[in-house]
Amino acid sequence: PNGEWQLFVVDDSQNNSGSISGGWSLDITTTPIVPPTPPSCSAPSFSPTNFQTGINPTNLAVADFNNDNKPDLAVTNQVTNDVSILLGNGDGTFAPQALFSAGSSPYAVVAGKFNADNNFDLAVANSGSNNVSILLGNGNGTFSAPVNFFVGSNPISIASGDFNNDTKADLVVANFGGFFSGTVSVLLGNGTGGFTTGTSVRTRTQPAFVTVANFNGDAFQDIIVANFGSDSVSTFFGNGAGTFQLNQNIPTGAGPVGIEVADFGADGIADLAVANYNADTITFCSGTASGGFVGCTLNNPAGGANPISITSADFVGSGTKSTATALSGSNLVKVLTSNVSVGQNPNAVKSADFNSDGKPDIVTANFGSNDVSVLINSCSAARGNIFDYNGDRRTDYAVFRPGTSSYFINSLNQTGAAKTFARPNDKLVPADYDGDRRTDYAIYRPANGLWFVIDQNSRPIYFTQFGLPEDVPVPADYDGDGKADIAVWRPSDGNWYVRRSSDNAVQVLTFGMNGDKPAPADYDGDGKDDLAIFRPSTGVWYIWKSSDGQYIITQFGISEDKTVVGDYDGDGRSDIAVWRPSTGAWYVLKSSDGGFVAVGWGMTGDIPVVGDYEGDGKFDFAVWRPTDNIWYVRKSSDNGASYFQWGLSTDIPIPSAFVR
């Protein structure tokens, strides 16, 4: 970007310096700005609601069947030989089911566009009649009468893709069959809703599941099959002509019945997860660029009985996909470390955003209770600087020791090595300057206006002069790129000087006057921190919203109060808040409903240490007491208390860095 560039030369010692002599050149490669990722939560949280289906639902598909841009559900009902259509309202709820006939014992369904009208259609694998029913969608949530195409014996899984590169949707069907036979039927689409029989794929015994992916990056779609009877999965490379060649047989746990192919390692390569019904385990394998799978761990505990189906999404906003597993024998869905109760005997699980909040939700088809469970993702992360050095979305117990210029950080009782960085008179300016979701080590040196920022591996992010001795450092994400910007506020003229990380440009804005306390934060929830000041002389807050350029002016607090801004109600917007040293009282003006909260927590001499210590998306009331070095946290989840001793009486608690 345009602006100032600097060359950093560092070695293992922060005390060494020098110069470069002789001729040298510097090649610079720039990359486009990456959009910021949303804040992540520490653990998933779901709120389930059940909706009625037909009798013994076995499988489901998610698509927009009535063209209203809201996800709907199609559910196969094995006993009633039909498909339930539940139209989504876009808020996580669904209209009562409408039923459409299929074949005998429909067991699996896939949504696709099988003719040229751009409406979603259905393909249903009927395990009792050994055929596939095609139900063409009318675009309003209704479907035409089924047209059937024969496949192999006992089809129980179906997937769609373009296997012969004619831009028309084709189908593959796993035929469970007898123990000694195992085939996958191939149906090649003609683009008008009809299909012709292709060359079937011979696989190992009792294929129970089939799915489609491109494993080797050759532009041809491949398939992978779970072989229930031989405790393995088989991958087949497509040749672009509608036929497939065996690539790899991979051992699994006992009774594999579900497969999920996704990039779990965030390396751009598809990995593999397999649900092993009889072993109560999950098999994980890492993918390779050539389309193979290696490093498999066969029997990772599934967290319950009879894992039967598996899906994946970024459920906690971490930037990495994780699995959700339907545990048929436990009436649970396992998501990361959380168990979520659903209906009886969940037989299939899918993920989609059912309430339009940008977070992936979950739905299960429950064979034993004749319903679907819709699990709305209530994962939330507190907005603002939460002083999280290890990326677990919880505020860490962290202190800076001026006597040794050392940081001591403790996260969930896991103590890291002390980090020596800064000088005794430096000002702490901890924030996430590189956008990796972890707080960086950072100082501002008033004597010369020096900013020095390093990441977790002591690699320099900034080493630059920006500011005067009188300035107040106010780093925050003013440009909304997910990275904290270097910034100062100058009391003598009320000017804010912001060096944007997105383009390295310097922005100067006048807001405030001498005697004010700067308190930048994202008060309007637009992903950009707003300019804000608290005026102790009048108890008035002035906020300049980045979303629309308008001002918020409100009286809240008295002259002795300390600013303790944070997202206390978990609505994604920072709340105006103060802590009163004389009484130990916290006062919060909630952004969610304008309500007022007053809580006594702390006493004179304590230091407020704002943050989200639980990782539930809401800031907790917390103080650090120098007389006993104990952190006192009042948990937002249940108003209970937690206590932790960390630090020495002469330390500076890092979460107090921007309390003013």
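Starting afresh in each chain, residues are numbered from 1 along the sequence in its written order. Local features in this predicted model are restricted to residues of pLDDT 70 or higher, and side-chain atom pairs are both shown and tallied only at a pLDDT of 80 or more, whereas totals for entire chains, interfaces and linings draw on every residue. Side-chain descriptors were evaluated using all non-hydrogen atoms of the structure, hydrogens and water having been removed beforehand.

Peer 1: Help me understand the state of the cysteines, please; the structure alone is not making it clear to me.
Peer 2: Here is the idea: a disulfide is a covalent bond, and it sits between the sulfur atoms of two cysteines. Criterion for a disulfide: a pair of cysteine sulfur atoms within 2.5 Å. Evaluation of the coordinates by the stated rule reveals one disulfide. In this model, Cys285 is linked to Cys296 through a disulfide, with the two sulfur atoms separated by 2.0 Å. On the S-S bond that ties Cys285 to Cys296, the torsion sits near 115°, and the link is right-handed. Of this pair, Cys285 sits in strand β21 (residues 281-287) while Cys296 is found in strand β22 (residues 293-301), placing the two residues eleven residues apart along the sequence. For the purposes of this entry, the term helix denotes a DSSP run of H or I that reaches at least four residues, the term strand denotes a run of E that reaches at least two, and both are numbered from the N terminus.

Peer 1: Would you mind showing me how to read the pattern of salt bridges here?
Peer 2: Pairing is possible between side chains of opposite charge, provided their charged atoms come close. Within this document, salt bridges are pairs made up of a side-chain nitrogen of Lys or Arg and a carboxyl oxygen of Asp or Glu, the two lying within 4 Å of each other. All told, the structure shown has 14 salt bridges when counted by the stated rule. The salt bridge partner of Lys590 is Asp593, with a shortest N-O separation of 3.5 Å. When accessible area is computed with a 1.4 Å probe and restricted to protein chains, residues below 20% of their type maximum are described as buried, those above 50% as exposed, and intermediate ones as partly exposed. Residue class for Asp593 comes out exposed when judged on its relative accessible area of 53%.

Peer 1: What exactly am I supposed to notice about the pairing of strand β8 (residues 131-135) here?
Peer 2: Consecutive side chains of a regular strand alternate in pointing toward one face of the sheet and then the other. Among the five residues in β8, five count as buried, and that is most of the element. Across the two faces of β8 the burial is the same, with Asn131, Ser133 and Leu135 and Val132 and Ile134 all buried. Only strands that DSSP links by at least two bridges are regarded as paired with each other. Sheet topology note: the strand β7 (residues 121-126)/β8 ladder contains five bridges and is antiparallel. Across the sheet, the residue bridging to Val124 is Ser133, located in β8. If you look at the hairpin formed by β7 and β8, you'll find four residues sitting between the two strands, and Asn130 has a positive phi there, around 55°. Relative to strand β9 (residues 147-150), β8 is paired through four bridges, and the arrangement is antiparallel.

Peer 1: Any chance you could explain the pairing of strand β16 (residues 222-227) here in plain terms?
Peer 2: Of all six residues in β16, six are buried; the element is thus mostly enclosed. Alternating positions in β16 separate into two faces, Asp222, Ile224 and Ala226 on one and Ile223, Val225 and Asn227 on the other, with burial throughout. Judged from the six bridges that link them, strand β15 (residues 207-213) and β16 form a sheet pairing that is antiparallel. Paired with Val212 across the two strands is Ile223, which belongs to β16. Direction of pairing for β16 relative to strand β17 (residues 232-238): antiparallel, over a ladder of five bridges. Opposite Ala226, over in β17, you have Val233 as the bridge partner.

These values are about where atoms sit, not about what they do.
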